[in-house]
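Report on the structure
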Amino acid sequence: MYNFTFYVPTRIHFGEGQISHLSELKESGSKVLMVYGGGSIKRNGIYDKAMEILKEAGLSVTELSGVEPNPRIETVRKGAEICKTEGIDMVLAIGGGSTIDCAKVVSAGAKYDGDPWDLVLDGSKIKSALPIYSVLTLSATGSEMDEFAVITDMSKNEKWGTAAECLKPKMSVLDPTYTYSVSKKQTAAGTADMMSHTFENYFSFEEGADVPKRFGEGLLMTMMKYGPIALNDPTNYDARANLMWAASHAINGLTRVGNAPGWCVHPMEHELSAFYDITHGEGLAILTPVWMEHILSDKTAPIIATYGKNVLGLTGDNDMTVAKEAIEATKKFFFETMGMPANLRAVGITEKTNFDKMAEKASKGCEGCFVPLSKDDVKEIFEAAF
Ligand code: NZQ
Ligand code: ZN
């Protein structure tokens, strides 16, 4: 097991009605910037409830609304400017990963003299941030309990993740009932995203790291059990609750520390989103089985077979055979059980003209991962996913 430091300072209030804890924001001052997306929180009543609690607690609220899925740098700039001119004390995100990510870079941008895009390109420039709070409404990214934020500049076709310890939220409210209104498409995409985070951490050649690997297997089993239930029975509390808590642990370090060498499906997906603005989890579901097939070799087969046996319940003595069955089962789960789009054409990517540029950029993030990928490897994966 590699050396590591594990530190998760986020206070989690989990369960129905836990939004009452928003009164705790008083600990960070009196002026709140409330950040949210395109309006789902108004339709499902979370906005009204949050406002009531914040007002009762004597907090003043300024709003930044309209955060886009694949949040844009323009919105981040606007939020950082509001924080500076209005003397905002803390930022509260209410929404999915896009809203929380936007709020994180707004918080850091509020404490930075230059353009917030600098902080997206280079996380080491993030020296401090306003305290970040979140109310999660979509189980997927784990942004509610991690140090990452992913921001897009569509004018440059660039989507990059940044990270800093101070971006970990101070407190997050996880009420599974808030995800009852999430659409089938986003429920499936969210399940694929949290599975991908677990896969990215899980696949490594490190032999002595049982704790993160066995945690990862438990999370994958939970996601594959409850994803289909939530899809078909959106108000099933246990399904929504297990997905919510599994998603947070998939990326808060629990399954990564001591084990993971680096991620590679995410850098490839971020290029798809940067050029075609597709839904992150759909891109991951399309790329994951293709990537597994691409890296399958005598060296990787035992590890993919272990996933097949421990998570999917496959049996057999021949690792290569079991690994191939595991990849087929993964495809079946995403494309049949979860009903997700199975190739790039199905998400509206109808030409391959950008694949070369995208592969060039993505391969830079795939150098130190489980099986390092060259530009040509990435291009082949995009072609096969097409
Ligand atoms: O904008 P609103 O109106 O709120 O609607 C959203 C949005 O249209 C809707 N939604 C959210 N909660 C809902 C709901 N609709 C009905 N009921 C609810 N309770 O869902 C749509 C998608 O929301 P979004 O926040 O974009 O989805 P997600 O949580 O999947 O976030 C995706 C973003 O996170 C990044 C992705 O790249 C992408 O930009 N990631 C962030 C990570 C992190 N911070 O650690 C890691 C991930 O790997 C990922 O890259
Ligand atoms: Zn992801």
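Scroll up to find the structure.
Only a predicted model underlies this, so the values are computations on that prediction, with no experimental measurement involved. The written sequence of each chain sets the order in which its residues are numbered from 1. Labels are handed out in written order, letters beginning with A for the chains and numbers beginning with 1 for the ligands. In keeping with the model being predicted, local features are shown solely for residues with a pLDDT of at least 70 and side-chain atom pairs are shown and tallied solely at 80 or more, while totals for entire chains, interfaces and linings include all residues. Here the side-chain values reflect all heavy atoms present in the structure, with hydrogen atoms and water set aside.

Quick word on a nonpolar patch on the surface
How we decide: Each patch is built from residues lacking any salt bridge and having more than 30% relative accessible area; the joining distance is 9 Å for like charges and 5 Å for nonpolar side chains (Val, Leu, Ile, Met, Phe, Trp, Tyr). Under the convention used here, a 1.4 Å probe and the Shrake-Rupley method define accessible areas, while residue burial counts only the protein chains that appear. Salt-bridge detection follows one rule: a side-chain nitrogen of Lys or Arg within 4 Å of a carboxyl oxygen of Asp or Glu. Only runs of H or I of at least four residues qualify as helices and only runs of E of at least two qualify as strands under DSSP, and these elements are numbered from the N terminus.
On the surface, Met1, Phe4, Phe6, Val211 and Phe215 cluster together into a nonpolar patch covering about 490 Å² of accessible area. In this fold, Phe215 is placed in helix H7 (residues 210–232).

Here's the deal with the side chain of Thr187
Quick note on the threshold: The classification of residues rests on relative accessible area computed with a 1.4 Å probe and restricted to protein chains. Under 20% of the type maximum is buried, over 50% is exposed, and intermediate values are partly exposed. Should any heavy atoms of two residues lie within 4.5 Å, those residues are counted as being in contact.
Take Thr187: it is sitting in helix H6 (residues 184–202). Here Thr187 falls in the buried class, since its relative accessible area comes to 5%. Once residues lying within four places of it in the same chain are set aside, the contact partners of Thr187 are Val182, Ala230, Leu231 and Arg240.

Things to note about the site of ligand 1
In plain terms, the rule: Here, proximity means that at least one heavy atom of the residue falls within 4 Å of the molecule or strand. Polar contact is the term for a pair of N or O atoms within 3.5 Å; when the atoms are in protein, one must be able to donate a hydrogen and the other to accept it, and sequence-neighboring residues count only if both atoms are side-chain atoms. Each residue is assigned to one class: nonpolar for Ala, Val, Leu, Ile, Met, Phe, Trp, Tyr, Cys and Pro, charged for Asp, Glu, Lys and Arg, and polar for all the others, Gly among them.
The immediate surroundings of ligand 1 are formed by 31 residues, with Gly38, Ser40, Gly97, Ser98 and Asp146 found nearest. In the model, an oxygen atom of ligand 1 is placed 2.7 Å from a nitrogen or oxygen of the Gly38 main chain. In this structure, His197 approaches ligand 1 through a side-chain N or O atom, which is 2.7 Å from an oxygen atom. Protein contact buries 89% of the 960 Å² of open area that ligand 1 shows by itself. Those elements giving two or more residues to the shell around ligand 1 turn out to be helix H4 (97–109), strand E6 (148–153), H6 and helix H9 (265–276). Class assignment for the residues of the shell around ligand 1 results in nine nonpolar, 18 polar and four charged.

Some remarks on the coordination of the zinc ion (ligand 2)
Put simply, the test is: Counted as donors are the N, O and S atoms within 2.8 Å of the metal, or 3.2 Å for Na, K and Ca, while water is not among the atoms, so some sites may look incomplete.
Every protein donor of the zinc ion (ligand 2) is accounted for by Asp193 (OD), His197 (NE2), His266 (NE2) and His280 (NE2), and the metal-donor separations fall at 1.9 to 2.2 Å. Here the donor residues for the zinc ion (ligand 2) map to a single chain with the spacing D-x3-H-x68-H-x13-H. Taken together, the positions of Asp193 in helix H6 and His280 in helix H10 (residues 280–295) put the pair 87 residues apart, joining distant regions of the chain. The pair Asp193 / His280 is uniform in exposure class, with both members buried.

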